[in-house]
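One letter stands for each residue in the lines below.
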Amino acid sequence: MFKFIGSVVQQIKDFIVKNPKLSILIIFVLIVGWVFVSIESLHLTSEPEFCQNCHPDNKPGPYGEVYTWKQNIHAKAEVKCLDCHGMPGFTGYMKAKIGGLRDLTNFVLKPREHMTRILNMASTDPHYAAHLVPNDICLFCHTDSYNQKIRSEKLMSVGVKFRKMDGVKNPEFRRSYGLPDILTEKLRGDIDPNHKKHLDKDVNCVDCHLGVAHGGEFRNKVDLKRCAECHEKRASEISMPDIKIGSGDTAANFSHKNHTAMFKCDECHMKLFQMKKGTAKIAFDDHGKDKFCYSCHNNKIATFECNKCHAKIGAPSTPITYKTVGMAPVIFSHEFHTAIFNCNQCHTKIWPMKHGVKKMKMDDLYQGKYCGLCHNGKIAFASTACDKCHKQK
Ligand code: HEC
Ligand code: HEC
Ligand code: HEC
Ligand code: HEC
Ligand code: HEC
Ligand code: HEC
Ligand code: HEC
Ligand code: HEC
Ligand code: HEC
Ligand code: HEC
Ligand code: HEC
């Protein structure tokens with residue numbers, strides 16, 4: 001055996017001595033070939049088709065990861081397995097490949113239950129998922145600041161492009177898809193939980209976006225139950241900011257904090273309110289109906305006192321005086337009328353909440369309009385009882 005190897009080595013030596021140029025060429029070709037085969041095998045063993053050998057199911061759930069990825073918007077954007085299952089940078093990629101070798105050995109050596117258990121855990125436990133796919137990976141593509149930070153700190157490539165992530169440079173990349181920087185820009189949809197605040201408190205992408213690539217949908221919807229679950233658990237850390245609804249004199253103050261102490265998110269969201277400031281358009285006519293704030297603020301579950309919500313609105317305490325030519329002035333008392341009627345019996349069906357907008361004539365009153373709606377001799381004294389309204393003070 002040793003003799004045989006020895007003679008082969010001797011023959012090679014002789015060949016090199018006789019053909020030095022040709023030998024260098026052959027060695028060069030061998031090295032290039034080896035590098036090429038290695039890179040190709042790295043590429044091939046990173047492709048979804050390769051993963052499918054062991055993750056083969058054609059339905060959502062454990063073993064169906066390639067199938068669900070194919071349904072997902074990330075697949076359409078050619079964001080592949082190793083773009084999320086490997087940290088950014090060259091070493092991140094190589095580590096992921098070594099992790100792949102561990103999967104391979106476990107596949108051969110351990111029972112199938114082992115794999116099933118791991119896959120189940122990864123897809124249902126946000127803690128485990130966050131360890132599997134840490135925030136840095138997602139932030140690399142979805143923000144500018146992390147992208148630039150990591151690009152400046154890490155070796156991104158060694159001349160060969162192993163995956164899409166290697167070439168991701170923000171803001172150019174995300175803008176080419178119309179994606180916002182989730183830490184600094186407005187989101188496109190109707191829900192904005194404030195990504196930055198959550199990340200600052202060490203909340204992970206997968207705490208909210210679990211199943212982002214493997215939920216089985218094209219666009220993964222965040223399950224709002226997760227918001228309520230965590231907010232309940234970490235209530236002491238969380239102080240939801242107040243929301244001012246509307247503007248001007250009719251603006252209402254809403255304390256998110258006080259209400260979330262009493263109610264779960266889904267008692268308001270999304271059936272009464274969207275999760276975006278300024279979406280609810282509340283008119284005076286909605287007051288008193290089973291809508292918006294008033295499905296609770298109906299004097300049963302909660303108060304319907306104007307001044308609880310509005311700083312400025314309330315019936316004026318001084319009577320409204322109408323001067324009339326040749327007659328004593330008309331004096332209308334809110335104090336008197338609101339003791340009998342709700343605001344919405346007069347506002348805004350008959351009058352807006354502003355003095356002097358409607359031009360009233362006695363003929364209108366006689367025909368049952370304005371004051372005449374009640375002052376018709378049935379509900380209240382008739383509009384012909386001149387001096388009951390036209391009073392000298
Ligand atoms: C030879 C079979 C095999 C192939 C091929 C394979 N996997 Fe796996 N994979 C496994 C096994 C077995 C596990 C169970 C976890 C363990 O034992 O490490 C697993 C687990 C995983 C996990 C969860 C890892 C964890 O630590 O919880 C991910 C992510 C994963 N594979 C991704 C991939 C990707 C991406 C590819 C293709 C690049 C791939 N797998 C190809 C066998 C395989
Ligand atoms: C956009 C990022 C992203 C891409 C692309 C992606 N994954 Fe995942 N993957 C995740 C996240 C996040 C998890 C953690 C659990 C979850 O959210 O479902 C995960 C979990 C997994 C798991 C653990 C078991 C499970 O079902 O959750 C496997 C296996 C897996 N991915 C394989 C793949 C394979 C194979 C591909 C490519 C065909 C791929 N992933 C592409 C983000 C991604
Ligand atoms: C390699 C870059 C890249 C990585 C890594 C990546 N994404 Fe994406 N993501 C994209 C692109 C590109 C789109 C937009 C595709 C489009 O709009 O056509 C997208 C879209 C999204 C969307 C919006 C679509 C939807 O499902 O509603 C969410 C949410 C999202 N990604 C979350 C994540 C999370 C969470 C991670 C980490 C687990 C992640 N992404 C990792 C590139 C990436
Ligand atoms: C507190 C929960 C929460 C966390 C944590 C979270 N997200 Fe989101 N994210 C959301 C919600 C809610 C939306 C809006 C979804 C919708 O409109 O359906 C969203 C939307 C997005 C979008 C789409 C933006 C758009 O305008 O289309 C991207 C991309 C995204 N998140 C990425 C991430 C990444 C990356 C992380 C981790 C760094 C992360 N998110 C962490 C809740 C969260
Ligand atoms: C894993 C825990 C966790 C989950 C899940 C979570 N949150 Fe939070 N949320 C927090 C913490 C912690 C804070 C406090 C942040 C602070 O005060 O800086 C917070 C604060 C907030 C705030 C106040 C932000 C501000 O401007 O001060 C809003 C709004 C909010 N969350 C909405 C959501 C929504 C919507 C979801 C679901 C899509 C959600 N959260 C899911 C932990 C969570
Ligand atoms: C009593 C009702 C109520 C409850 C309970 C409630 N909200 Fe809200 N929420 C509102 C109202 C009202 C708005 C503002 C809507 C508008 O202006 O159109 C709002 C707005 C939001 C917004 C958008 C904030 C912004 O700055 O754009 C988020 C995010 C939100 N809520 C999350 C939550 C979460 C998470 C919970 C549970 C922890 C919760 N809400 C519980 C009534 C409620
Ligand atoms: C799910 C039921 C519910 C909804 C919806 C609701 N509230 Fe309340 N609200 C309550 C309860 C219960 C109280 C405490 C009892 C009371 O003050 O009558 C309260 C108290 C208040 C208070 C007094 C305490 C404080 O927080 O300052 C104000 C003001 C208020 N709500 C405003 C609003 C506004 C504005 C809206 C709509 C944007 C709204 N609420 C929607 C149930 C609700
Ligand atoms: C539970 C809280 C709440 C109570 C109680 C309440 N309102 Fe409002 N009101 C609101 C909100 C919220 C708006 C919407 C503000 C906006 O978008 O400008 C509003 C709007 C209005 C508007 C403006 C409507 C429009 O079409 O522009 C008037 C006027 C008004 N309220 C009068 C009253 C009067 C009078 C009362 C007492 C009978 C009252 N409100 C009680 C919450 C309340
Ligand atoms: C019986 C009918 C009636 C009832 C009930 C009523 N109002 Fe009025 N309100 C009026 C009339 C009439 C005006 C003046 C309209 C005009 O001059 O065009 C008025 C005007 C107002 C104005 C504008 C004042 C100004 O100087 O511009 C406010 C504010 C107002 N009402 C609030 C309320 C509130 C709050 C309630 C319930 C607590 C209420 N009103 C109940 C009839 C009523
Ligand atoms: C929703 C019905 C209603 C409307 C609208 C209404 N009133 Fe009255 N008013 C009453 C009732 C009921 C009484 C008490 C019964 C009676 O005295 O006949 C009353 C009493 C009065 C009184 C006597 C009590 C006092 O305040 O001195 C005056 C004056 C009066 N109304 C003026 C007006 C004027 C002016 C208008 C229009 C600007 C008006 N009312 C609109 C129902 C109404
Ligand atoms: C229910 C209360 C009420 C009664 C009763 C009433 N008025 Fe008037 N009157 C008004 C109001 C309100 C106006 C409008 C004031 C304004 O807009 O400046 C008005 C306006 C007038 C005007 C000036 C506008 C026009 O229509 O020419 C005259 C004149 C007048 N009244 C005469 C009378 C006479 C005469 C009677 C008895 C037959 C009478 N009013 C009974 C409430 C009343």
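Residues numbered from 1 in each chain as written. Chains lettered and ligands numbered in written order. Predicted model: local features only at pLDDT ≥ 70, side-chain atom pairs only at ≥ 80, totals over all residues.

A few words now on the overall build of the protein chain. Helices and strands together make up the secondary structure of the protein chain, namely 21 helices and four strands. Once the C-alpha set of the protein chain is aligned to its principal axes, its extents read approximately 135 × 45 × 35 Å. Restricting to contacts in the protein chain with at least 6 residues of sequence separation, those with at least 24 account for 50%. (Helix = DSSP H or I, 4+ residues; strand = E, 2+ residues; numbered from the N terminus. Contact = placed C-beta atoms within 7 Å.)

Taken domain by domain, the protein chain consists of domain 1 (48-223), domain 2 (243-309) and domain 3 (320-389). Inter-centroid distance (C-alpha atoms) of domain 2 to domain 3 is 31 Å. (Domains from an automatic or database assignment.)

Side chains that are three or four residues apart share a direction in an α-helix, a result of its 3.6 residues per turn. Between its terminal C-alpha atoms helix 2 (residues 20-44) stretches 36 Å, which fits the 36 Å expected from 25 residues at 1.5 Å a residue. Of all 25 residues making up helix 2, only zero are buried, and the element is barely covered by its neighbours. (Expected span 1.5 Å × (residues − 1). Buried ≥ 20, exposed ≤ 12 C-beta atoms within 10 Å, placed from the backbone.)

Before going further, it helps to examine the site of ligand 2. As a matter of local geometry, ligand 2 sits amid 26 residues, with Cys81, Cys84, Ala122, Ser123 and Ala213 nearest to it. Only helix 3 (48-51), helix 4 (65-71), helix 6 (81-84), helix 8 (112-124) and helix 9 (126-132) provide two or more residues apiece to the shell around ligand 2. Looking at the shell around ligand 2 residue by residue, the class counts come to 17 nonpolar, six polar and three charged. (Near = placed C-beta within 6 Å. Nonpolar A, V, L, I, M, F, W, Y, C, P; charged D, E, K, R; others polar.)

Of all hydrophobic cores here, the largest spans 22 residues; its most connected members are Cys81, Cys84, Val133, Phe140 and Val206. Put simply, the parts of the chain that give this core at least two residues each are helix 4, helix 6, helix 10 (135-142) and helix 14 (205-209). Among the elements that take part in this core, helix 10 stands out by supplying four residues, more than any other. Not counting the four nearest positions on each side in its chain, valine 133 is found in contact with Cys84, His85 and Val206. (Core = buried A, V, L, I, M, F, W, Y, C linked by C-beta atoms within 7 Å.)

Inspection of the region around ligand 1 gives 19 residues, with Cys51, Cys54, Cys81, Asp103 and Asn106 positioned closest. Contributions of two or more residues to the shell around ligand 1 are made by helix 3, helix 7 (90-109) and helix 8. Of the residues forming the shell around ligand 1, the biggest block, six residues, is contributed by helix 7. For the shell around ligand 1, the per-class residue count stands at 10 nonpolar, seven polar and two charged.

The next point concerns unusual backbone geometry. Look at the link from asparagine 170 to proline 171: it is a cis peptide, with omega at 10°. As for its placement among the helices and strands, proline 171 is situated in the loop between helix 11 (145-153) and helix 12 (172-176). The step from histidine 269 to methionine 270 runs through a cis peptide bond, and the omega angle for that step is -5°. Its location among the elements puts methionine 270 in the loop between helix 16 (256-262) and helix 17 (306-309). A positive phi is found at tyrosine 63, a non-glycine position, where the angle reads about 75°. As for its position among the elements, tyrosine 63 is in the loop between helix 3 and helix 4. The class for tyrosine 63 is partly exposed, based on 17 C-beta atoms found within 10 Å. The phi dihedral of asparagine 194 falls on the positive side, at around 75°, and the residue is not glycine. Residue placement: asparagine 194 occurs in the loop between helix 12 and helix 13 (195-200). With 12 C-beta atoms packed within 10 Å, asparagine 194 lands in the exposed category.

Okay, the packing of helix 10 against helix 11 next. Two numbers describe how helix 10 lies on helix 11: the axes approach to 6 Å, and their chain directions differ by 110°. Accordingly, the angle class assigned to the pair helix 10 and helix 11 is roughly perpendicular. Residue-level contacts link Asp136, Leu139 and Phe140 of helix 10 to Tyr146, Asn147 and Ile150 of helix 11. Partitioning the contact of helix 10 with helix 11 into residue classes produces four nonpolar, one polar and one charged. (Axes fitted to C-alpha atoms, helices over the stretch in contact; angles between N-to-C directions. Parallel < 35°, antiparallel > 145°, perpendicular 65-115°, else oblique.)

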